[in-house]
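Report on the structure
Now for the letters of each chain:
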Amino acid sequence: MLKKDARKLYREKRMQLTARERDKLDDLLLIRMQTAPIPFIQTLLSYWPIAASHEPATQLFSDFLSLANPSLAVCYPRTDFKNHTMEAILTTDDTTFIQKENNLFEPDAQTVIAPEQLDMIFVPLLIFDKAGYRAGFGKGFYDRYLACCRPDCIKIGFSYFEPVERLEDRHEFDVPLNLCITPEQVYVF
Ligand code: ADP
Ligand code: MG
């Protein structure tokens with residue numbers, strides 16, 4: 001399947017889910033996550049789920065990791081749409097988030113964490129394939145950012161849907177996931 005067809009199909013499938021169905025799927029993702037081979041980590045880059053895109057409830061998953069490590073540093077992206085780049089901004093429980101013109105919520109905070117410091121990244125996706133490749137929103141923000149991260153940084157996806165067989169149009173800059181969690185299972189790549 002081509003990424004553009006996969007994006008369209010899975011964007012539609014996700015938009016058809018009711019709030020009740022998504023709540024249930026988020027619970028299942030959290031249950032599956034508890035069986036995933038996740039080591040002790042110090043620094044996480046999460047993302048604020050776009051409500052209008054029906055993205056999974058990432059805060060459930062970062063809260064779970066914070067239980068294992070109460071001093072976990074949790075960062076959120078600040079994006080630059082001019083250059084198609086992003087930075088990891090450190091947050092605390094008191095950080096407020098501001099809605100930007102592109103509908104993204106970004107932390108109202110200034111401490112930038114270098115990409116090399118991140119131990120784990122929640123990577124947004126519309127769908128993934130059985131080799132861990134993903135179709136994102138199509139702008140390559142994460143591919144560009146992941147290229148700057150340590151090779152042992154754990155890249156983890158959350159998907160309400162099981163993978164497609166293969167996303168055929170992989171590019172050399174596409175960075176695959178290490179783990180992907182679905183309501184049914186944990187995929188390790
Ligand atoms: P996504 O990963 O968001 O689904 P793609 O993998 O299709 O999107 O990438 C979208 C675009 O991002 C590509 O067409 C490419 O121009 C650009 N891109 C991604 N990563 C890089 C990179 N490391 N260097 C330069 N351009 C990149
Ligand atoms: Mg890509």
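Structural data are supplied above this passage.
Conventions adopted
Residues numbered from 1 in each chain as written. Chains lettered and ligands numbered in written order. Predicted model: local features only at pLDDT ≥ 70, side-chain atom pairs only at ≥ 80, totals over all residues. Heavy atoms only, no water. Helix = DSSP H or I, 4+ residues; strand = E, 2+ residues; numbered from the N terminus. Rg over C-alpha atoms; globule rule 2.2 N^0.38 Å. Buried < 20%, exposed > 50% of the residue type's maximum accessible area, 1.4 Å probe, protein only. Lys, Arg positive; Asp, Glu negative; His and termini not counted. Charge placed at Lys NZ, Arg CZ, Asp CG, Glu CD. Near = heavy atom within 4 Å. Polar contact = N/O pair within 3.5 Å; in protein donor to acceptor, adjacent residues only side chain to side chain. Areas by Shrake-Rupley, 256 points an atom, 1.4 Å probe, with all protein chains shown as cover. Nonpolar A, V, L, I, M, F, W, Y, C, P; charged D, E, K, R; others polar. Arc of directions from axis to C-beta. Contact = heavy atoms within 4.5 Å. Expected span 1.5 Å × (residues − 1). Donors = N, O, S within 2.8 Å, 3.2 Å for Na, K, Ca; no water. Phe/Tyr/Trp six-rings, centres within 6.5 Å; stacked < 30°, edge-to-face > 60°. Pairing = 2+ DSSP bridges. Axes fitted to C-alpha atoms, helices over the stretch in contact; angles between N-to-C directions.

1. What about the overall build of the protein chain?
Across its full length, the protein chain holds 4 helices and 12 strands. The C-alpha radius of gyration computed for the protein chain amounts to 16 Å, which stays within 12% of the reference 16 Å derived for 189 residues, consistent with globular compactness. For the protein chain, the spread of C-alpha atoms along the three principal axes comes to 40 × 35 × 30 Å. For the protein chain, the proportion of its 189 residues judged to be buried stands at 48%. When the 22 positive and 27 negative side-chain charges of the protein chain are each reduced to one mean point, those points stand 5 Å apart.

2. So, the site of ligand 1
Of all residues adjacent to ligand 1, which total 14 residues, the nearest are R7, G136, G138, D143 and D174. G136 is positioned such that a nitrogen or oxygen atom in its backbone is 2.7 Å from an oxygen atom of ligand 1. Here an oxygen atom of ligand 1 sits 2.9 Å away from a polar atom, N or O, in the side chain of D174. Calculation on ligand 1 without its partners gives an accessible area of 570 Å², and the protein chains cover 68% of this total. When residues of the shell around ligand 1 are traced back to their parent elements, those giving at least two are α1 (3–15), β9 (134–135) and α4 (141–146). Of the residues that constitute the shell around ligand 1, the class distribution is 3 nonpolar, 4 polar and 7 charged.

3. A look at helix α3 (residues 58–68)
Note: α-helices contain 3.6 residues per turn, so residues at a spacing of three or four share the same orientation. Three or more residues of α3 are buried, namely T58, F61, S62 and L65. Within α3, the buried residues cover an arc of 95° as seen down the axis, which keeps them to one side. Those residues of α3 that are buried lie in contact with α2 (19–33), β1 (43–45), β2 (73–80), β7 (120–122) and β10 (154–158).

4. Describing α1
Between its first and last C-alpha atoms α1 spans 18 Å; for 13 residues at 1.5 Å apiece the expected length is 18 Å, and the two agree. Within α1 the residues assigned to the buried category are K3, A6, R7, Y10 and R14. End-on, the buried residues of α1 take up no more than an arc of 100°, which puts them together on one face. Facing away from the buried side of α1 by over 90 degrees, the exposed positions are K4 and K8. Against β8 (127–128) and β9 lie the buried residues of α1.

5. Remarks on the coordination of the magnesium ion (ligand 2)
For the magnesium ion (ligand 2), the full set of protein donor atoms is D143 (OD) and D174 (OD), and the range of their distances to it is 2.0 to 2.1 Å. Linking D143 in helix α4 with D174 in the loop between β10 and β11 (179–181), this pair joins segments that are 31 residues apart in sequence. Pair check on accessibility: D143 and D174 agree, each one buried.

6. Topic: the packing of aromatic side chains
This structure, assessed with the given rule, holds 10 aromatic pairs. Centroid distance Y76 to F97: 4.8 Å. Interplanar angle 80°. Geometry classified as edge-to-face. Of this pair, Y76 sits in strand β2 while F97 sits in strand β4 (residues 97–99), placing them 21 residues apart in sequence. An aromatic cluster of three or more residues is present, and its members are W48, Y76, F97 and F105.

7. A short note on the sheet that holds β7
Spatial strand order, β6-β3-β2-β1-β7-β10-β11-β12: 8 strands in an open sheet with mixed pairing. Looking at strand neighbours, the two that pair on one side only are β6 (112–113) and β12 (186–188), the edges of this open sheet. Examined bridge by bridge, β11 and β12 share 3 bridges and lie antiparallel to one another. What sits directly across from L179, in β12, is V188. Sheet strands in contact with α2 are β7, β10, β11 and β12, and its direction is about 140° off that of β11.

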